[in-house]
Amino acid sequence: MDQQDIIDGLKPVCLCRNVKKRVFLKHIAAGKRTLEELRAATSAGSGPCGGKRCTPKILALLDETGGK
């Protein structure tokens, strides 16, 4: 893991719940492969915006990592 990977992992995906990218990557590596599974595991999408900001980011992460 290089310095850029560390910096990217600290970036928030869900701003409302302050869930970082590394948390999503950890859950994806553990077998969570759908938006619903990741939301349940992280509480992303349950903040004031209702997932409007983080849902596209989560879906992009799933696409990048081979999830659904």
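Given the structure is predicted, the values throughout are model-derived calculations rather than measurements. Starting afresh in each chain, residues are numbered from 1 along the sequence in its written order. Under the rules for a predicted model, residues below a pLDDT of 70 receive no local features and side-chain atom pairs below 80 are neither given nor counted, while totals for whole chains, interfaces and linings still include all residues. As a rule here, side-chain values come from all non-hydrogen atoms in the structure, and water together with hydrogens is ignored.

### Overview of the confidence of the model for the protein chain
Thinking step 1. Chain-level statistics for the protein chain give a pLDDT mean of 93 and a share of 97% at 70 or above.
Thinking step 2. Here pLDDT means the predictor's own confidence in every residue, given as a number from 0 to 100. Helix and strand labels come from DSSP, where a helix needs a run of H or I of at least four residues and a strand needs a run of E of at least two; each type is numbered from the N terminus. Per-residue pLDDT, averaged within each element of the protein chain, yields its smallest value for helix α1 (residues 3-9) (87) and its largest for helix α3 (residues 35-42) (97).

### So, the side chain of threonine 55
Thinking step 1. Mapping threonine 55 onto the fold places it in helix α4 (residues 54-65).
Thinking step 2. Ignoring sequence-local partners within four residues, the contact set of threonine 55 consists of Leu35 and Arg39. Contacts are residue-level and defined by heavy atoms, with any inter-residue pair within 4.5 Å sufficient.

### Some thoughts on the state of the cysteines
Thinking step 1. The rule for a disulfide is simple: a pair of cysteine sulfur atoms within 2.5 Å. All told, the structure shown has 0 disulfides when counted by the stated rule.
Thinking step 2. Of all cysteine sulfurs in the structure, the one in cysteine 14 sits closest to cysteine 54, which takes part in no disulfide; the separation is 4.1 Å.

### Things to note about the packing of helix α2 (residues 21-29) against α3
Thinking step 1. Convention adopted: a line fitted to C-alpha atoms gives each axis, helices being fitted over their contacting stretch, and angles between N-to-C directions are expressed from 0 to 180 degrees. Remark: α2 packs on α3, axes separated minimally by 10 Å, with the N-to-C direction vectors making an angle of 120 degrees. In terms of orientation, α2 lies oblique with respect to α3. Classified by chirality, the crossing of α3 by α2 is right-handed. In this structure, α2 uses Val23, Phe24, His27 and Ile28 to contact α3, whose residues at the interface are Leu38, Ala41 and Thr42.
Thinking step 2. Any residue outside Ala, Val, Leu, Ile, Met, Phe, Trp, Tyr, Cys, Pro, Asp, Glu, Lys and Arg is labelled polar, Gly included; the first ten of those are nonpolar and the last four are charged. Along the lines of polarity and charge, the residues of the contact of α2 with α3 split into 5 nonpolar, 2 polar and no charged. Put simply, angles under 35 degrees are roughly parallel, angles over 145 are roughly antiparallel, angles from 65 to 115 are roughly perpendicular, and the rest are oblique. Note: crossing handedness is left-handed where the near helix turns anticlockwise from the far helix by less than a right angle, and right-handed where it turns clockwise.

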